[in-house]
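Coordinates in review
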Amino acid sequence: MNYREEAKKIPAEDRPISRKEVSGLGNFFGIYGGEHIAATEFVIGATLVTLGVKASDIFLGLFVGNILATLTYALICAPIAVDTRLTLYSYLKKVMGPYMQKIYNAVWGLASIAMAASMLTVSASAVREIFGIKLQTEWYPTDVKFILVVVVLGVIVTLVAANGFEAVAKFSSVCVPWMIIVFLAGFCVVIPQLMEITGSSGIHSFGDFMDLMNTSVWNGEVVEGGQKLTVFHVIGFAWMCNLAYHGGLNDMALFRYAKSAKYGFVTCYGMFVGHFFAWGSAGIMGATAAIMLNQSLLILDSGAVTSAVLGSTGLLAVIIAGWTTANPNIYRASLAYETIFQVSSKKLTYVVGAFMTIVGCFPIAMNIMTIVNVIVLVVPSVGAIVFAEHWIIPKIGGTRYWAAYKGWKINYAGLAAWLVALGFVAVMTVTKAMHSYFMFLPTYLLAMVTYLVLACLMGARDDYTAQAEEDRKVQEALAQIQDEEDHKTETVHTKYPGAQKAAAYASYAVLAVFAVFTVMVLLGNVAPDTWKNVSLVISIAYFVLGGTATYIKFALTEKA
């Protein structure tokens, strides 16, 4: 066999990334901050206020749950991604067979589009406040201006995502530092407003802070239409919220670029700054806005909440946060569909982006909690099967990719395990025997154990030495071809490094001023209304400088 010729036949979407494409740590801080310090945080943080949980349970539950989420990223998702340098969407071809790959990728692509569309709808809720668009309370749009806003936002998201991993990461890296300050404002700027409208005597200790949180934010009372939960539900929710990405392995699409599997621990940045700090901040914003507007938090959208407590800067935050979450989701969706249609990722991104925009025009897409619940109960069991195939099968005397070596188009053991897991979810949901926040773990373990048993029964431990050796040689030939192509690739450098650094340093300085200005509100040196009036000007200055620095660095380049 001519292994080099066989390697050349492997489609681009099924090839591991080359060594030159491996990315540095900074991009991962950018992309994980951008995705998890995002528009979903405004919605989820406010939702947590309605669950009848005390503040102490919220903080403890989010702390434990986000540690578990970080460990799942670092110990399950990142190691497989770095070991294979593949997306889950292409790796499934070797593990589950090409037919199952297409079925899963079609399902996951739709899920990613739904998530991205939800972010567009949330962002549009902010612009609604600016242009006087009426509140969208039906499942369908009732104002043509709302549709136009979603279309504009959809075009921006699609253009960024179409330029690949680097573009998504760089876009996020500019937005994330500013978003952190905005969520800091959820404490520093909003708490003084909360104390004023509730008649609080002030905060002089951590105990005073917790008293305020327990009485005015997470007071243990169930909002009408909400449900009474416990600290264990909070832990389960925080862990399962991104299960499709970590335990479900969909973030192999991102971690395949990591230099080391240890980069998986970078996700603690998104988990704790986003899913701990930002959810807490959003909860305070939501509770305060509900009191100020004398309306139930269940009927207030993100735009109404942030406008009430943070003014125009809050509206801008919802818009930016929506973009930074929608971008990686559209990127993932296009990668998934690339394995089905064999069309370039950029072209697919335009098609997926158009579909996302159409879905985003329907306000029902804003029901992010329903989307999250469906995704984490349907998708991650495939990640359990892949984990078992990659790490456990070889340790119990089996051969990785055994179904492919048998010539199967469908890994029947994998299909059966997935169906068993989905059946378990269906039964638990219909009978209500288990809360959805607890269902993911037994579902995941059930899929894994079922697959291991069936795989061993169906031939995973047969002798595939010859096939495995041929596969190894083809992969070696492919790596050699990629190295040769990398050597031919010209290196580019920024034309104006001095101007780029000056703009970057200036943006950092503006951001520092913004942070100090925000903290001064909590200290009583700046009035909340003054912050609302000045913060937008500071924010615009930051984005102009930060965007200029990024443009000079990555657009104004020359070949080495």
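The structure reproduced in this document is the subject of the present report.

Rules behind the numbers
Residues numbered from 1 in each chain as written. Predicted model: local features only at pLDDT ≥ 70, side-chain atom pairs only at ≥ 80, totals over all residues. Heavy atoms only, no water. Helix = DSSP H or I, 4+ residues; strand = E, 2+ residues; numbered from the N terminus. Rg over C-alpha atoms; globule rule 2.2 N^0.38 Å. Buried < 20%, exposed > 50% of the residue type's maximum accessible area, 1.4 Å probe, protein only. Contact = heavy atoms within 4.5 Å. Areas by Shrake-Rupley, 256 points an atom, 1.4 Å probe, with all protein chains shown as cover. Polar contact = N/O pair within 3.5 Å; in protein donor to acceptor, adjacent residues only side chain to side chain. Phe/Tyr/Trp six-rings, centres within 6.5 Å; stacked < 30°, edge-to-face > 60°. Axes fitted to C-alpha atoms, helices over the stretch in contact; angles between N-to-C directions. Parallel < 35°, antiparallel > 145°, perpendicular 65-115°, else oblique. Nonpolar A, V, L, I, M, F, W, Y, C, P; charged D, E, K, R; others polar. Expected span 1.5 Å × (residues − 1). Arc of directions from axis to C-beta. Core = buried A, V, L, I, M, F, W, Y, C linked by side-chain atoms within 4.5 Å. Left-handed = near helix turned anticlockwise from the far one by under 90°. Salt bridge = Lys/Arg side-chain N within 4 Å of Asp/Glu carboxyl O.

**Brief notes about the overall build of the chain**
Scanning the chain from N- to C-terminus turns up 24 helices and two strands. Taken over the C-alpha trace, the chain has a radius of gyration of 24 Å; the compact-globule value for 560 residues is 24 Å, and the two agree within 12%. A burial count over the chain gives 57% of its 560 residues as buried. The long-range fraction of contacts in the chain, counting pairs at least 24 apart against all pairs at least 6 apart in sequence, stands at 84%. Of the accessible surface of the chain, which amounts to about 22400 Å², a share of 65% is contributed by carbon and sulfur atoms.

**Side note on the environment of His435**
Counting through the fold element by element, His435 comes out in the loop between α20 (412-431) and α21 (436-458). When its relative accessible area of 23% is taken as the criterion, His435 is described as partly exposed. Beyond its immediate stretch of four places on either side in the chain, His435 contacts Gln227, Leu229 and His233. Of the polar contacts made by the side chain of His435, one reaches the backbone nitrogen of Tyr437; its length is 3.0 Å.

**A look at the packing of aromatic side chains**
Enumeration according to the criterion identifies 25 aromatic pairs in this entry. For the ring pair Phe63 and Phe272, a centre distance of 5.8 Å and an interplane angle of 65° mean the geometry is edge-to-face. Here Phe272 lies in helix α13 (residues 267-293) and Phe63 lies in helix α4 (residues 55-84), a separation of 209 residues in the sequence. On the basis of relative accessible area, Phe63 is assigned to the partly exposed category, the value being 41%.

**Remarks on the packing of α4 against helix α10 (residues 206-216)**
Relative orientation of the contacting elements α4 and α10 amounts to 105°, with a least axis distance of 8 Å. In terms of orientation, α4 and α10 fall into the roughly perpendicular class. Here Ala55, Ser56 and Phe59 of α4 come into contact with α10, specifically with Phe209, Met210, Met213 and Asn214. For the contact of α4 with α10, the class distribution of residues is five nonpolar, two polar and no charged.

**Brief notes about α20**
For α20, with 20 residues, the first-to-last C-alpha span of 28 Å sits near the 28 Å given by 1.5 Å per residue. For α20, the complete set of buried residues consists of Ala413, Gly414, Ala417, Trp418, Ala421, Phe424, Val425 and Met428. An end-on view of α20 places all buried positions within 135° of arc, on one side of the element. What points out from α20, more than 90 degrees from its buried face, is the exposed set Leu419 and Val430. The backbone nitrogen of Ala413 has a side-chain oxygen 3.1 Å away, supplied by the residue at the start of α20, namely Asn411. Immediately beyond the C-terminal end of α20, within one or two residues, lies Lys432, with a positive phi of roughly 55°.

**Observations regarding the nonpolar core**
Core analysis: the largest hydrophobic core is formed by 164 residues, its most contacted members being Trp108, Trp178, Met213, Trp218 and Phe255. At 15 residues, the largest contribution of residues to this core is made by helix α15 (residues 312-341). Setting aside residues no more than four positions away along its own chain, Phe255 makes contact with Phe28, Tyr32, Tyr73, Cys77, Ala78, Ala81, Val82, Arg85, Tyr263, Gly264 and Thr267. Membership of the second largest hydrophobic core comes to six residues, among which are Ala7, Val474, Ala477 and Leu478.

**So, the environment of Val49**
Tracing the backbone through its elements, the reader meets Val49 in helix α3 (residues 39-49). With relative accessibility at 8%, the residue Val49 sits in the buried group.

**Quick word on the packing of helix α7 (residues 144-161) against α15**
Look at α7 against α15: their axes get within 9 Å of each other, and the N-to-C directions meet at 50°. Between α7 and α15, the angle is such that the two are oblique. Crossing of α7 over α15 shows right-handed handedness. Along the contact surface, α7 presents Leu153, Ile156, Val157, Val160 and Ala161, while α15 presents Ile319, Trp323, Ala326, Asn327, Ile330 and Tyr331. Looking at side-chain class alone, the contact of α7 with α15 contains 10 nonpolar, one polar and no charged residues.

**Description of the pattern of salt bridges**
Side chains bearing opposite charge may pair, as long as their charged atoms lie close to each other. Under the counting rule described, the total for this entry stands at nine salt bridges. Across the pair Lys8 and Glu5 runs a salt bridge whose closest N-O atoms are separated by 3.8 Å. Residue Lys8 and its partner Glu5 are located together in helix α1 (residues 3-8), separated by three residues, close to a single helical turn. Given a relative accessible area of 38%, Glu5 falls into the partly exposed group. As a salt-bridge pair, Glu469 and Lys473 come within 4.0 Å of each other at their nearest N and O atoms. Of this pair, Glu469 and Lys473 both sit in helix α22 (residues 465-488), four residues apart, roughly one helical turn. The structure contains a network of salt bridges with shared partners spanning Glu469, Arg472, Lys473 and Glu476.

**Topic: the side chain of Asp251**
Relative to the assigned elements, Asp251 resides in the loop between α11 (231-240) and α12 (252-255). Look past the residues within four positions of Asp251 in its chain and what remains in contact with it is Tyr32, Tyr73, Cys77, Tyr245 and Arg332.

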